[in-house]
Amino acid sequence: MPSPTPRPGDPAVGLRTPSRPPAGAPTVLKVVIAGGFGAGKTTAVGAVSEITPLSTEEYLTEASADVDSLEGVEAKQTTTVAFDFGRLSLPDAPVPLELFLFGTPGQDRFVDLWYDLSRGAVGAVVLVDTRRLESSFTPVSFFEDIGLPFVVAVNQFDGAHRYHPEQVRAALELPASVPVVTCDARDPNHVAGVLLTLVGHAVKNAAAGPVRPTSTTTLQDA
Amino acid sequence: MRTYTLTRGRTKPRHLLGLETVLDAGPGRPGPAQAEECEEILALCRERRRSVTELAGRLRWPVTAVKILVSDLLDADVLVVPVTAPYAASDTDSDASPSTQLLAALSAGLKRKWPDAIAYPQAG
Ligand SMILES: Nc1nc2c(ncn2[C@@H]2O[C@H](COP(=O)(O)OP(=O)(O)OP(=O)(O)O)[C@@H](O)[C@H]2O)c(=O)[nH]1
Ligand SMILES: [Mg+2]
């Protein structure tokens, strides 16, 4: 069946014409993937990234005693932190988008990096390895404190006892509003699902009013 | 290679660059005064837009070193920060949370890319 010839004046045709992409680069959005040692951060980034996850190094200035040697080059004490970077493009989104994924370890010496990564981010995924549940406490309270929307994704490691998401919620003392889901970080459909859950959660948060990382948000927890 | 040698002792970038700041190749060319390493940055950005983090990861240099060299290249128009599609730039403040419009677009884009992705029902 021949389709009707598009007329230039037809607004519906103009909207769907793929030959005229909007001028300008895709908008960049970012998501932080945090978790303890070996929780599956690199695996999760790699599952949906279009590039092999890159390990990137940054120096953080720190007053802590726990510092790596920097060959005495800088006067201040610095510590090297490595984090993962992955990206994926969503050219078929209503607005051309590129999503950056930053995988970052869960120790509190990374806090400066988390601030950087969280600024303007969609939200965060806290990957939980139930064998080391305690390593999730630091990132969870960090994202709670700064008011960044986050979801908790429980990795199902082979041989590990499988906890129900609600057990993990109770152990991490998470409010009912924070989604807790199970996932296999190796499966792109799972990781994409976690990202979708996060976006849904972020939309809900945004609808509930702008959350500002100020003291007022941490005081009231009704 | 350490930040110090790469940047000849400089420790602070002149431009305010984020980890996610994206760079594109511009009309300028690296001058003789610029570090050899600038050519490597330019070569990567010629292939496609690259974020500060991606450049650092690929070149295996610390982020700060990349930011310092990228600052030089921005001053010489060797690199430019690409302009994003106008309708997406609803927020003048790049530190602000993404708009609900952008979040909806992200959701739609993810669903199109992974139709079999399982999004969990929202609690609360
Ligand atoms: N069964 C199972 N194994 C997983 C899952 N996610 C990751 N793994 C495995 O667990 C190991 C650690 O995963 P990584 O992605 O390297 O974890 P990481 O958090 O990046 O680790 P570090 O960067 O060392 O802290 C790897 O061998 C993965 O294949 C999962 O969901 N299920
Ligand atoms: Mg890793």
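See the structure above.
Note that the coordinates shown come from a computational prediction; the quantities given were computed from them, not determined experimentally.

Cut-offs and rules
- Counting from 1, residues in each chain are numbered in the order their sequence is written.
- A letter from A marks each chain and a number from 1 marks each ligand, given out in the order of writing.
- Selection of residues for local features in this predicted model requires a pLDDT of at least 70, selection of side-chain atom pairs for listing and counting requires 80 or more, and totals for whole chains, interfaces and linings are taken over all residues.
- Heavy atoms from the whole structure form the basis of all side-chain values; hydrogens and water molecules are not counted.
- We call a residue near a molecule or strand when any one of its heavy atoms sits within 4 Å of it.
- Any pair of N or O atoms that falls within 3.5 Å is considered a polar contact. Within protein, one atom must be able to donate a hydrogen and the other to accept it, and sequence-neighbouring residues count only if both atoms are side-chain atoms.
- The method behind every accessible area is Shrake-Rupley, applied with a 1.4 Å probe, and residues are considered shielded solely by the protein chains displayed.
- Secondary structure counts use DSSP, requiring at least four H or I residues in a row for a helix and at least two E residues in a row for a strand, with both numbered from the N terminus.
- Each residue is assigned to one of three groups, with Ala, Val, Leu, Ile, Met, Phe, Trp, Tyr, Cys and Pro labelled nonpolar, Asp, Glu, Lys and Arg labelled charged, and all others, Gly among them, labelled polar.
- Strand pairing is defined by DSSP finding a minimum of two bridges between the two strands.
- Only protein chains enter the accessibility calculation, which uses a 1.4 Å probe. A residue is then buried if its area is under 20% of the maximum for its type, exposed if over 50%, and partly exposed in between.
- Residues are treated as being in contact if the distance between any of their heavy atoms lies within 4.5 Å.
- All axes are obtained by fitting lines to C-alpha atoms, using only the stretch in contact for helices, and the reported angles, taken between N-to-C directions, cover 0 to 180 degrees.

Turning next to the site of ligand 1. All names here are of chain A. Around ligand 1 sit 15 residues in total, of which K41, T42, T43, N155 and A185 are the nearest. In the environment of ligand 1, an oxygen atom lies 2.9 Å from a nitrogen or oxygen atom belonging to the backbone of G40. Note that an oxygen atom of ligand 1 is positioned 3.2 Å from one of the side-chain N or O atoms of D184. Taken by itself ligand 1 offers 650 Å² of open surface, and the protein chains cover 69% of this. In terms of residue count, the dominant contributor to the shell around ligand 1 is helix α2 (residues 41-48) (three residues). Looking at the shell around ligand 1 residue by residue, the class counts come to four nonpolar, seven polar and four charged.

On to the sheet that holds strand β1 (residues 22-25) of chain B. All names here are of chain B. Spatially, the three strands line up as an open sheet ordered β2-β1-β3, and their pairing is antiparallel. Strands at the two margins of the open sheet, each flanked by one partner only, are β2 (50-51) and β3 (79-80). Pairing between β1 and β2: two bridges, direction antiparallel. From the neighbouring strand, L23 faces β2, where its bridge partner is R50.

Let's shift gears to the side chain of N155 of chain A. Residue and element names in this part refer to chain A. For N155, the position within the fold is in strand β6 (residues 150-155). The buried category is assigned to N155, whose relative accessible area is 6%. Among residues more than four places away in sequence, those in contact with N155 are A39, G40, L127, V128, C183, D184 and A185.

The next point concerns the sheet that holds β6 of chain A. Residue and element names in this part refer to chain A. The strand order across the open sheet formed by seven strands is β2-β3-β4-β1-β5-β6-β7, and the pairing between neighbours is mixed. Both outer strands of the open sheet, β2 (54-61) and β7 (180-183), are each paired with one neighbouring strand and no more. Between one strand axis and the next, the sheet turns through 30 degrees on average, direction left out of account. Where strand β1 (residues 27-35) and strand β4 (residues 97-105) come together, nine bridges link them in parallel fashion. Each residue of the ladder has a partner; that of A34, found in β4, is T104.

Our next topic: unusual backbone geometry. You will see that E173 of chain A, though not glycine, has its phi angle at about 55 degrees, which is positive. Mapped onto the secondary structure, E173 of chain A falls in the loop between α5 (165-171) and β7. With relative accessibility at 68%, the residue E173 of chain A sits in the exposed group. For R60 of chain B, which is not glycine, the phi dihedral falls at a positive 60 degrees. The topology assignment puts R60 of chain B in the loop between α3 (52-59) and α4 (63-75).

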